[in-house]
Amino acid sequence: MNTKIIETERLILRPITENDTEEIFEYSRNENVGPNAGWKPHENIQETREIMKAIFLDKEFIYGIVLKDTNKMFGSIGLTPDPKRQNDKARMIGYAIGENYWGKGYATEAAQALVRYGLEELELELISAYCYPFNEKSKRVIEKCGFHYEGKLSRVEKRYDGVVLDNECYAIISSSIHI
């Protein structure tokens, strides 16, 4: 695994370790965080540990978002294979941050840094982003990062509670692609 540490003006994006369990549980149990991204709020620390093993630990291009000033991890971000695309040079960006950190530009700052890393250093052709139509905060982050709107996939994703939702679809394409 070769996951580089990425720094921005205010943030450090670094690999997630088991030592981050408490901080991940802290933001993942919030009832306003997970449902916007399609997952249920964590009920206990053991649930967080299990999810970390499956999704975060020892995974390439998955990062904790850490505030430089306090060294506090308050979110996660990553580039994962896009299940909607059959392209090895495409990845999907996903992120979640604690509600106390919303509206401060942190998600945009982290996403811009990871998109730049993906396009420039990983030489990806495309990075996709998806959000539910009601997730206005995520739409703003995606648009501020320069993604273009591709359209809506109707009734495409079953959320943890059984509700089937639409996805708003966005992509950013590498400027180095010559067709």
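Everything below is about the structure shown above.
Residues numbered from 1 in each chain as written. Predicted model: local features only at pLDDT ≥ 70, side-chain atom pairs only at ≥ 80, totals over all residues. Heavy atoms only, no water.

### So, the nonpolar core
Part 1 of the reasoning: Judged by nonpolar contacts, the single largest core of 33 residues is most densely connected at I77, I93, I127 and F147.
Part 2 of the reasoning: Listing elements by their share of this core, those giving two or more residues are β2 (11–15), β3 (62–67), β4 (72–81), β5 (90–97), α4 (106–121), β6 (126–131), α5 (136–144) and β8 (164–173).
Part 3 of the reasoning: Ranked by residues supplied to this core, first place goes to α4 with nine residues.
Part 4 of the reasoning: Not counting residues within four places of it along the chain, the set of residues in contact with I77 comprises L13, F61, I62, Y63, I65, I93, G94, Y95, A110, A111 and L114.
Part 5 of the reasoning: By size, the runner-up hydrophobic cluster in this structure holds 11 residues, among which are M52, F56, L57 and I62. (Core = buried A, V, L, I, M, F, W, Y, C linked by side-chain atoms within 4.5 Å. Buried < 20%, exposed > 50% of the residue type's maximum accessible area, 1.4 Å probe, protein only. Helix = DSSP H or I, 4+ residues; strand = E, 2+ residues; numbered from the N terminus. Contact = heavy atoms within 4.5 Å.)

### Considerations on the pattern of salt bridges
Part 1 of the reasoning: Inspection of the entire model under this criterion finds 12 salt bridges.
Part 2 of the reasoning: Note that E47 is salt-bridged to K40, the shortest N-O span being 2.5 Å.
Part 3 of the reasoning: Accessibility expressed as a relative area gives 14% for E47, which makes it buried.
Part 4 of the reasoning: Since its relative accessible area comes to 29%, K40 is described here as partly exposed.
Part 5 of the reasoning: The shortest N-O distance in the salt bridge between K139 and E136 comes to 3.3 Å. Taken as a pair, K139 and E136 lie in helix α5 at a separation of three residues, close to a single helical turn.
Part 6 of the reasoning: The class of K139 is buried, set by a relative accessible area of 13%.
Part 7 of the reasoning: Shared partners join several salt bridges into a network, and the residues in it are K40, E43 and E47. (Salt bridge = Lys/Arg side-chain N within 4 Å of Asp/Glu carboxyl O.)

### Regarding helix α1 (residues 21–28)
Part 1 of the reasoning: Where burial is concerned, most of α1 is hidden: six out of the eight residues are buried.
Part 2 of the reasoning: Buried residues of α1: T21, E23, I24, F25, Y27 and S28, and no others.

### Some remarks on the side chain of S76
Part 1 of the reasoning: Structurally, S76 is set in strand β4.
Part 2 of the reasoning: At 3.1 Å, the side chain of S76 forms a polar contact with the side chain of Y27.
Part 3 of the reasoning: In contact with S76, other than residues within four places in its own chain, are I16, Y27, F56, Y63, G64, I65, G94, Y95 and A96. (Polar contact = N/O pair within 3.5 Å; in protein donor to acceptor, adjacent residues only side chain to side chain.)

### A word on the pairing of β2
Part 1 of the reasoning: Direction of pairing for strand β1 (residues 6–7) relative to β2: antiparallel, over a ladder of two bridges. The residue of β2 that forms the bridge with I6 is L13.
Part 2 of the reasoning: In textbook terms, the turn of a hairpin is the stretch between consecutive antiparallel strands, and for β1 and β2 this stretch comprises three residues.
Part 3 of the reasoning: With five bridges joining them, β2 and β3 adopt antiparallel strand pairing. Looking at the pairing, I12 lines up with V66 of β3. (Pairing = 2+ DSSP bridges.)

### Regarding the layout of surface pockets
If a probe the size of a water molecule is rolled over the atoms, the empty space left behind becomes visible.
Part 1 of the reasoning: Within this model, the largest pocket holds a volume of roughly 1300 Å³.
Part 2 of the reasoning: Along the walls of the largest pocket sit 49 residues, with A37, W39, G94, Y95 and A96 positioned nearest its centre.
Part 3 of the reasoning: In terms of residue class, the lining of the largest pocket is built from 28 nonpolar, 13 polar and eight charged. (1 Å grid on protein atoms, 1.4 Å probe; cavity = no way out; pocket = protein on both sides within 12 Å on 5 of 7 lines; lining within 4 Å. Points joined across faces, edges and corners; volume = space filled by probe spheres on them. Nonpolar A, V, L, I, M, F, W, Y, C, P; charged D, E, K, R; others polar.)

### Notes on the packing of aromatic side chains
To describe a pair of aromatic rings, one takes the distance between the centres and the angle between the planes.
Part 1 of the reasoning: Scanning the entire structure with this criterion turns up six aromatic pairs.
Part 2 of the reasoning: Linked through ring pairs, F74, Y101 and Y106 together constitute an aromatic cluster.
Part 3 of the reasoning: If you follow K84 out to its NZ or CZ, it ends over the ring of Y130, 4.2 Å from the centre. (Phe/Tyr/Trp six-rings, centres within 6.5 Å; stacked < 30°, edge-to-face > 60°. Lys NZ or Arg CZ within 6 Å of the ring centre and 35° of its normal.)

Worth remembering: the numbers are spatial, not functional.
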